[in-house]
Amino acid sequence: MPAMSRGANVALTREIPGLSRILVGVSWNAGAERLVQDNLVLGTVLCDADSKALSPEHFVFFNQLTSPEESVAQRETALAGDDEQVEIDLTAVPAEVTRVVVVLYLNDGTAQRRTLGQLRELTVVVREAPGSRELVRSENLASALSGETALVLGEVYRHQRDWKFRVLGAGYTSGIAGIAADYGLPL
């Protein structure tokens, strides 16, 4: 299976009828940069048609492990070689959610002069749940990074009656503050 490049998308539920739960995982290699690796945070934002979070409670990350209706949940233990994972129950995502945006950021990266550009490898993968069978894998997103401290990895989004996944790889030099501003989240 070829790696998906930035901007590429795939029709998940059209290609796999009956697909109801997925894992979105991220894996990285920071080489000797342990401070970067140890401070990476995976998060998801459940967005409406205007690409804004439904509420602050619809930002799922290490301090808020599930969305209010529990359709999106941060996994405590990642499977299948991923460093971090989030599980999405596509059938339970509220109707007003048009996209689930998957982000990665450095916790206190800006203040510590750490960047995602220090990563050697960074990929996002979509797996079938249960079972962890790989459905989609991105290209190495690290190769295009330099001074970014946050990144929108991809999004799971509604398209008519189906769910699709798109690789984005959109970076922010302003860290989580930039993501929060774009998606209407208070800091």
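All of these numbers come straight from a predicted model, not from anything done at the bench. (Residues numbered from 1 in each chain as written. Predicted model: local features only at pLDDT ≥ 70, side-chain atom pairs only at ≥ 80, totals over all residues. Heavy atoms only, no water.)

Side note on the pairing of strand β11 (residues 162–172)
Thinking step 1. One ladder, built from three bridges, connects strand β1 (residues 9–11) with β11; its direction is antiparallel. Bridge pairing in β11 places V10 opposite F165.
Thinking step 2. Pairing geometry for strand β10 (residues 150–159) and β11, over nine bridges, is antiparallel. Considered in β11, the bridge of E155 is made with R166.
Thinking step 3. The turn joining β10 and β11, which pair antiparallel and follow one another in sequence, is formed by two residues; a positive phi near 60° is taken by Q160. (Pairing = 2+ DSSP bridges. Helix = DSSP H or I, 4+ residues; strand = E, 2+ residues; numbered from the N terminus.)

Side note on the environment of Q85
Thinking step 1. Within the secondary structure, Q85 is located in strand β6 (residues 84–89).
Thinking step 2. Overall, the relative accessible area of 0% leaves Q85 in the buried class.
Thinking step 3. Through-space distance from the C-alpha of Q85 to that of L42 is 7.7 Å; in sequence the pair is 43 residues apart.
Thinking step 4. Apart from the residues lying within four places of it in its own chain, the contact partners of Q85 are L23, V24, G25, L42, Q74, R75, T77, A78, L79 and R127.
Thinking step 5. Of note is the side chain of Q85, whose polar atom sits 3.0 Å from the backbone nitrogen of L79.
Thinking step 6. Of the polar contacts made by the side chain of Q85, one reaches the side chain of D82; its length is 2.8 Å. (Buried < 20%, exposed > 50% of the residue type's maximum accessible area, 1.4 Å probe, protein only. Contact = heavy atoms within 4.5 Å. Polar contact = N/O pair within 3.5 Å; in protein donor to acceptor, adjacent residues only side chain to side chain.)

Observations concerning the environment of V126
Thinking step 1. In this structure, V126 sits in strand β8 (residues 121–128).
Thinking step 2. Along the sequence, V126 and P2 sit 124 residues apart, while their C-alpha atoms lie 14 Å from each other.
Thinking step 3. Once residues lying within four places of it in the same chain are set aside, the contact partners of V126 are L12, I22, L23, V24, R133, E134, L135, V136 and F165.

Details of the sheet that holds β6
Thinking step 1. Ordered in space as β5-β6-β2-β8-β9, the five strands form an open sheet in which the pairing is antiparallel. The open sheet terminates on both sides in strands that have one partner only, identified here as β5 (72–74) and β9 (134–137). Neighbour to neighbour, the strand axes of the sheet diverge by 20° on average, direction disregarded.
Thinking step 2. For β8 and β9, the ladder comprises three bridges, and the chain directions are antiparallel. Paired with V125 across the two strands is R137, which belongs to β9. (Axes fitted to C-alpha atoms, helices over the stretch in contact; angles between N-to-C directions.)

Brief notes about the pattern of salt bridges
One side chain can pair with another of opposite charge once the charged atoms of both are near each other.
Thinking step 1. Within this structure, the stated rule accounts for eleven salt bridges.
Thinking step 2. With its nearest N and O atoms 2.6 Å apart, the salt bridge here joins E155 to R99. Taken together, the positions of E155 in strand β10 and R99 in strand β7 (residues 99–106) put the pair 56 residues apart, joining distant regions of the chain. Of the two residues examined, E155 and R99, each falls in the buried class. (Salt bridge = Lys/Arg side-chain N within 4 Å of Asp/Glu carboxyl O.)

So, the packing of aromatic side chains
Thinking step 1. Under the definition given, this model contains two aromatic pairs.
Thinking step 2. Centre to centre, the rings of F61 and F62 are 5.2 Å apart; their planes meet at 75°, and the pair counts as edge-to-face.
Thinking step 3. The exposure class assigned to F61 is buried, which follows from its relative accessible area of 15%.
Thinking step 4. Ring pairing ties together the aromatic residues F59, F61 and F62, which thus form one cluster. (Phe/Tyr/Trp six-rings, centres within 6.5 Å; stacked < 30°, edge-to-face > 60°.)

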